[in-house]
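So the chains spell out like this:
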Amino acid sequence: IYIINMGSVCSKGAAVADNQSSSAQNQASSSKGVAAGAAASGTKLFKMLIKKAGSIKKKAHTAFTREPPTEEYKERAISTIPARVRMFSGCKDTQTSADVQDVTSFGLPPVSEADKAGGACTNGILSTLEHTPDITFGDLLVKMRETLKERNYTQIPQLSTSNSVKLRDEKFSVWAPEKTGNHRAVLVGINYTGQAQGVLNGCVNDVKMMRDYIKSTGFTDDNIRVLADDIDLTRTPPTGSEIVKALAWLVKGAKKGDSLFFHYSGHGSQQKDDTGDEADGMDETLVPLDYAENGCITDDTLFQLMVAPLPTGASLTCVFDCCHSGTILDLPFLFSATEESCAALSNGEDLEMAQNPRFDMDTAKALVSGIASGVFNQVIKAKLKAGSAAGAVAGKAGSAGGGIQDTLAGLAGGLFDGDEQKAKKDATESPEW
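Summarised in this report is the structure supplied together with it. (Residues numbered from 1 in each chain as written. Predicted model: local features only at pLDDT ≥ 70, side-chain atom pairs only at ≥ 80, totals over all residues. Heavy atoms only, no water.)

**Some points on the environment of Ile156**
Here Ile156 is to be found in the loop between helix 5 (137-150) and strand 6 (158-161). C-alpha separation for the pair Ile156 and Glu339, spaced 183 residues apart in sequence, amounts to 9.1 Å. (Helix = DSSP H or I, 4+ residues; strand = E, 2+ residues; numbered from the N terminus.)

Here you go:
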């Protein structure tokens, strides 16, 4: 079923509710409040950072090109985003992502005999790694594409990175090359169970299978946070506020050698870009469980939360199994597993990632610098002290309460500093949702 919503096609089976637009407007109002506080400071950097909030100009839906990035572009990308970021998505920004009714068709064991559903992207990756665990990024993309095409899926896997990657040389791993630091993972699966529309079947199963995979590589339960609408799996609901807080935990205190992993399986959508940074006029978004009340999480917010805070030498690997996710992290390098590009890799061509000509290095660098220097925290803490951040306090009210922008403000203001202990509560306690 494909239902048109806000000028976009929403997928994996159904649509996002029509009141997403009003939720987005509410978020915009909250953002404007923060922007007003920043403008009052009279600092040009504050104005640019808060107003743009991580909006990175990016390449939209371009064809595969064999022209490698320039050396100058590579150097600028590394200086702009010093961390090592690798992001898989199951489809282009313009495409929808599919559900799999029976994961055994991918050669994978089902979570249970009664429940065999899953996502095509997640199963494509895990099926390939099951049979070929020691594999390069290029071969993984080629085999993913072959696996999907053999089963009549038309979606085209994408890889986005923070620095140039030689696809036939670099081996895929959820670990940093040094494997010397800490490791953390956040896994989000949303079936939208009980909602009037948009219910999915395999997203929670995807999270269970991905958790088993990363544990097989050495990740431990103590360093994995799972958010899902399945009370038997987790006590943390995948609301916008909880996802934002989990992502903040993922990168908190990150340092050289750390291995960070994020997996999302659920709805992806698009909404009108209100910053003018998107060539197609649309922001890509994740659709949390409470999207109808509190809106979606935009690509700009994801960059602000996950990429901008990372230091040199930290490693972040992401898998987005959702629609419209091809460039959802707004990274400077892109590879699309089209027929042409896969044939080139299979023929032994030494391919690199293509540069993203619409990636705005200056805006990205300003955002990264602003977060590293604490400039955002200074602005919002000042607003808290002045009593003008009531929205941020509202974001603290409950796990399912408070909007995404309120939660971002609360994080910067230190309102969630005690949540580390809260997350370790006895699992026998009743969930807040």
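More follows now that the structure is in view.
**Some points on the packing of aromatic side chains**
Aromatic rings considered in pairs are described by the distance between their centres and by the relative angle of their planes. Under the defined criterion, the tally for this structure stands at 7 aromatic pairs. Centre to centre, the rings of Phe88 and Phe172 are 5.7 Å apart; their planes meet at 70°, and the pair counts as edge-to-face. In this pair, Phe88 is assigned in strand 3 (residues 84-89) and Phe172 in the loop between strand 6 and strand 7 (183-189), connecting sequence segments 84 residues apart. A relative accessible area of 9% means that Phe172 is categorised as buried. Three or more aromatic residues link up through ring pairs in this structure, and these residues are Phe88, Phe137 and Phe172. One Lys or Arg, Lys179, reaches over the ring of Trp175 and ends 4.6 Å from the middle of that ring. (Phe/Tyr/Trp six-rings, centres within 6.5 Å; stacked < 30°, edge-to-face > 60°. Buried < 20%, exposed > 50% of the residue type's maximum accessible area, 1.4 Å probe, protein only. Lys NZ or Arg CZ within 6 Å of the ring centre and 35° of its normal.)

**Focus on the nonpolar core**
Of all hydrophobic cores here, the largest spans 92 residues; its most connected members are Phe88, Leu167, Phe262, Tyr264, Met306, Phe320 and Leu329. Ignoring anything within four residues of it in the chain, the contact list for Leu167 reads Thr136, Phe137, Gly138, Leu141, Leu159, Phe335, Leu345, Leu351, Glu352 and Met353. (Core = buried A, V, L, I, M, F, W, Y, C linked by side-chain atoms within 4.5 Å. Contact = heavy atoms within 4.5 Å.)

**What to know about the sheet that holds strand 13 (residues 315-321)**
Spatially, 8-7-9-13-3-6-14-15 is the arrangement adopted by the 8 strands of the open sheet, whose pairing is mixed. Edge strands, defined here as strands with exactly one partner in the open sheet, are strand 8 (224-228) and strand 15 (354-355). Strand direction decides the pairing type here: strand 6 and strand 14 (residues 333-336), joined by 4 bridges, are antiparallel. Bridge pairing links Ser160 to Leu334 in strand 14. Each of strand 7, strand 8, strand 9 (259-265) and strand 13 is contacted by helix 6 (residues 203-217), which is oriented at about 165° to strand 7, the strand it contacts most. (Pairing = 2+ DSSP bridges. Axes fitted to C-alpha atoms, helices over the stretch in contact; angles between N-to-C directions.)

By themselves, these are just geometric observations and shouldn't be taken as functional.
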